[in-house]
Amino acid sequence: MTEPLTTGNDGVSSGHEVCVVGAGYVGLTAAACLAHLGHRVTCVEANPHRLQVLKDGGIPIHEPGLSELVGQGVVNGRLHWAPDVASGLGTARIVLLCVGTPPRADGEPDLSQIAEAGRQVARAATSDLVVVVKSTVPPGSCEAIELICAEDALPGVTIRVASSPEFLRESRAVEDFLYPDRVVVGAEDPDVIDLVASLYPPASPVVRCDRRGAELVKYAANTFLAIKISFANEVAQLCDALGTNAMNVLEGVGSDSRIGPQFLRPGPGYGGSCLPKDVSGFVALGESAGTRTALACAAEEQNALARRSVARRLEMVIGSLKGKRIGLLGLAFKDGTDDVRDSPSIQIAEDLITSGAEVRAYDPLAPSGSTPNGVERVPLAREALEEADAVVIAVDSAEYGDLDPDEVARLMSGDVIFDAAGVCNLESWGSAGLSVYGVGRGTPMAFYPVVWPPLRWTRTTEISLG
Ligand SMILES: NC(=O)c1ccc[n+]([C@@H]2O[C@H](COP(=O)([O-])OP(=O)(O)OC[C@H]3O[C@@H](n4cnc5c(N)ncnc54)[C@H](O)[C@@H]3O)[C@@H](O)[C@H]2O)c1
């Protein structure tokens, strides 16, 4: 995190009275940051375990800098906890809904939590309120929530619903909330937009739009990021086929200022609680609106390929995985988080187990309950490496890239590293006698001779390099 934000607020007279519903990655970050900015915040959490952790002075998720901010808010009296909206709403005139919108089996988001939270707010409201939906919801949801609220509100109480989707990244949530690239606020009434915008850090660029537009910004942004990652993986596949290094190719592509280098890194595919869910939500949205979302569908297809190819490609290198001992480094969906929701690494572990491998996994943050069936969880990276026939690095953590390659080589019984996350230095790990394979690392997994004319490449059968 960069230097703390100076708000100029005295925390009592200039901030708003705010109720935040849901103390997950978004709600807890928003609550702590809003308290830091000078607002008086009550954060409502329905999960008794999460609430107890907060009341005991801890935080139920791993997020750098968040614990300190929560502690400050509690000590200076600007941050409070409540078990339900009825007891937490108090005199707040702004309510942030930050509850989950997980995907259903058909790809559409399950909006039951947000509908229920809206009802709870309406039943507890004794005067006019603005409800701000920060959860990711499809266009039209804010209008629907406003109707739901109107049904349950007391006569004479008006509840207006605005959209202000959240763009924070897990592992950088506090920094992203306090120093956003932009905040998006959607409402039909300009005064409501001004009110919602006044919650955020004073210098934040504000994109103003109608509610449907604001709701769509979130889906479109995440779908674009997913397409960029999938494109990088597609280039990496080509590079592997051609025997060239995708890191260099993508550096060349991303150095174009019109394209940019971010999210242009090959790997085991995107995951987490947002990108897969939001891309499938975008596709479902297109279907219901009668619009074909061909690019989003292609990203989903490419991502499934990227995830499933790790175990398959490892098999190409070391032969059948049956009975082989594989060390797996990383279970969370990316570095610096404990979140394993829709993690590519979990899929890789399951594929390895299905292929008959014995898997020992190490992850410093992922909760122990998240370990896939059949996988042995070990508390130290070295224990995952010991006697391993091969090691898969599934998360882009510097901790794994910084391992001493000589020690890795000594601990393992085999010499194959499948660096799906692209964190190993090929030269130093290679000098330690390790054979490093990866996604687009210029280590060909198949043989493609060039024939004349040079633009035509003829595919022969894939050969095992084992
Ligand atoms: N996690 C991210 O990085 C991220 C980023 C941007 C947007 N989002 C979106 O924000 C929303 C929340 O995501 P999250 O990761 O914080 O979810 P989460 O599951 O971590 O947290 C949601 C919390 O809300 C609580 N809750 C649900 N209903 C409640 C109610 N009626 N009263 C009180 N508490 C209630 C749950 O117990 C849970 O603790 C989702 O729509 C998600 O797509 C998430």
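The shown structure was predicted, so the numbers you read here are calculated from the model rather than taken from an experiment.

S.K.: What's the story with the nonpolar core in this structure? I'm lost.
M.R.: What tends to happen in soluble globular proteins is that the nonpolar side chains get buried as a cluster. Core analysis: the largest hydrophobic core is formed by 40 residues, its most contacted members being Val20, Leu28, Leu34 and Leu96. For this core, the element with the highest residue contribution is helix 1 (residues 25–36), accounting for eight residues. Setting aside its immediate chain neighbours within four residues, leucine 34 contacts Val18, Val20, His39, Val41, Leu96, Phe177 and Leu199. Ranked by size, the runner-up nonpolar core spans 34 residues in total, among them Leu352, Val359, Val375 and Val392.

S.K.: Looking at this structure, how should I read the sheet that holds strand 14 (residues 435–438)?
M.R.: Through backbone hydrogen bonds, the strands of a sheet pair up, either in parallel or in antiparallel fashion. Strand order in the open sheet formed by six strands is 11-10-9-12-13-14, and the pairing between neighbours is parallel. The sheet terminates laterally at strand 11 (375–377) and strand 14, the two strands that pair on one side only. Each strand of the sheet is rotated relative to its neighbour by a mean of 25°, with strand direction disregarded. Of the pairings in the sheet, the one linking strand 12 (residues 390–393) to strand 13 (residues 416–419) comprises four bridges and is parallel in character. Considered in strand 13, the bridge of valine 392 is made with phenylalanine 418. Together, strand 9 (325–329), strand 10 (358–362), strand 11 and strand 12 form the strand contacts of helix 13 (residues 344–354), whose direction differs from that of strand 9 by roughly 175°.

S.K.: Is there a simple way to think about the confidence of the model for the chain in this case?
M.R.: Predicted confidence across the chain gives a mean pLDDT of 92, with 92% of residues reaching 70 or more. Per-residue pLDDT stays below 50 along residues 1–13; that stretch engages in 23 contacts with residues further than four places along the chain or on separate chains.

S.K.: Quick question: what am I supposed to make of the domain arrangement of the chain here?
M.R.: A common way to report how large an interface is uses the accessible area buried once the components associate. Each domain of the chain was delimited in the assignment, giving domain 1 (17–209) and domain 2 (223–438). Put simply, the middle of domain 1 and the middle of domain 2, counted by C-alpha atoms, are 33 Å apart. Each partner contributes to the interface: domain 1 provides 15 residues, whereas domain 2 provides 16 residues. Buried surface at the junction of domain 1 and domain 2, both sides included, amounts to about 1100 Å², of which 54% is carbon and sulfur. Considering only the surface of domain 1 that becomes buried against domain 2, Tyr25, His62 and Glu170 emerge as the three largest contributors, covering 41% of it. Along the contact surface separating domain 1 from domain 2 lie one salt bridge. Among the salt bridges present, the one from arginine 341 reaches glutamate 170, with a minimum N-O distance of 3.7 Å. Remark: the boundary between domain 1 and domain 2 carries five residue pairs in polar contact (both at pLDDT 80 or more).

S.K.: Explain the side chain of lysine 277 here, please?
M.R.: Among the structural elements, lysine 277 can be located in helix 11 (residues 275–289). Of note is the side chain of lysine 277, whose polar atom sits 3.0 Å from the side chain of aspartate 278.

S.K.: What is the right way to look at a negative patch on the surface in this model?
M.R.: On the surface, a cluster of negative charge is contributed by Asp335, Asp396, Glu399 and Asp402. Note that aspartate 396 resides in the loop between strand 12 and helix 15 (398–401). Among the residues examined, aspartate 396 registers a relative accessible area of 39% and is labelled partly exposed.

Reading guide: rules and limits
Residues numbered from 1 in each chain as written. Predicted model: local features only at pLDDT ≥ 70, side-chain atom pairs only at ≥ 80, totals over all residues. Heavy atoms only, no water. Core = buried A, V, L, I, M, F, W, Y, C linked by side-chain atoms within 4.5 Å. Buried < 20%, exposed > 50% of the residue type's maximum accessible area, 1.4 Å probe, protein only. Helix = DSSP H or I, 4+ residues; strand = E, 2+ residues; numbered from the N terminus. Contact = heavy atoms within 4.5 Å. Pairing = 2+ DSSP bridges. Axes fitted to C-alpha atoms, helices over the stretch in contact; angles between N-to-C directions. pLDDT = per-residue confidence, 0-100. Domains from an automatic or database assignment. Buried area = accessible area lost by both parts, 1.4 Å probe. Salt bridge = Lys/Arg side-chain N within 4 Å of Asp/Glu carboxyl O. Polar contact = N/O pair within 3.5 Å; in protein donor to acceptor, adjacent residues only side chain to side chain. Patch = residues over 30% accessible without salt bridge, like charges linked within 9 Å, V, L, I, M, F, W, Y side chains within 5 Å. Areas by Shrake-Rupley, 256 points an atom, 1.4 Å probe, with all protein chains shown as cover. Lys, Arg positive; Asp, Glu negative; His and termini not counted. Charge placed at Lys NZ, Arg CZ, Asp CG, Glu CD.

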